[in-house]
Amino acid sequence: MSKRHLCALADLNRTGAKGITLTDGGSTRELFVVRKDDGMYAYENCCPHTGGPLDWIPNQFLDENGGLIVCATHAAVFRIHDGRCIAGP
């Protein structure tokens, strides 16, 4: 496993989260990074229910309070610290 620079911390100041595209050889993965309190969390940008992206506006992954991840397609809600779905299908 190799380390990769995903983004600068300053990139997370405005929205609290940032979408990242990783390309390795011929494979591409869409991720997003969230900064919450003293932690940094990275998740695949893919709703586990629909398979679509979680953001409908680039870098908009969090609720209005910045405390939860929200799926833009069907409003499922996920905890930031572990990605667990706490509301929605």
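For the structure itself, consult the block above.
Residues numbered from 1 in each chain as written. Predicted model: local features only at pLDDT ≥ 70, side-chain atom pairs only at ≥ 80, totals over all residues. Heavy atoms only, no water.

Pairing is antiparallel in the open sheet, where 3 strands are placed in the order β4-β5-β6. Two strands in the sheet have a free side with no partner beyond their single neighbour: β4 (68-70) and β6 (85-87). Across the sheet, the mean angle from the axis of one strand to that of its neighbour is 40°, orientation sign disregarded. Direction of pairing for strand β5 (residues 77-79) relative to β6: antiparallel, over a ladder of 2 bridges. Bridging from a neighbouring strand, F78 pairs with C85 of β6. (Pairing = 2+ DSSP bridges. Helix = DSSP H or I, 4+ residues; strand = E, 2+ residues; numbered from the N terminus. Axes fitted to C-alpha atoms, helices over the stretch in contact; angles between N-to-C directions.)

Taken as a whole and judged by the stated rule, the model has 2 salt bridges. As a salt-bridge pair, E44 and R29 come within 3.4 Å of each other at their nearest N and O atoms. Highlighted residues: E44 in strand β3 (residues 39-44) and R29 in strand β2 (residues 27-36), separated in sequence by 15 residues. Judged by its relative accessible area of 43%, R29 falls in the partly exposed class. When the shortest N-O distance is used, the salt bridge between D82 and R79 registers 2.5 Å. The class of D82 is partly exposed, set by a relative accessible area of 37%. Judged by its relative accessible area of 27%, R79 falls in the partly exposed class. (Salt bridge = Lys/Arg side-chain N within 4 Å of Asp/Glu carboxyl O. Buried < 20%, exposed > 50% of the residue type's maximum accessible area, 1.4 Å probe, protein only.)

Further remarks concern the environment of E30. Examined against the element boundaries, E30 turns out to sit in strand β2. What makes E30 partly exposed here is its relative accessible area of 38%. Placed 22 residues apart in sequence, E30 and A8 show a C-alpha to C-alpha distance of 17 Å. The contacts of E30, once residues within four sequence positions are left out, are I20, T21, Y43, E44 and N45. Reaching out from E30, the side chain makes a polar contact with the side chain of T21 at a distance of 2.9 Å. (Contact = heavy atoms within 4.5 Å. Polar contact = N/O pair within 3.5 Å; in protein donor to acceptor, adjacent residues only side chain to side chain.)

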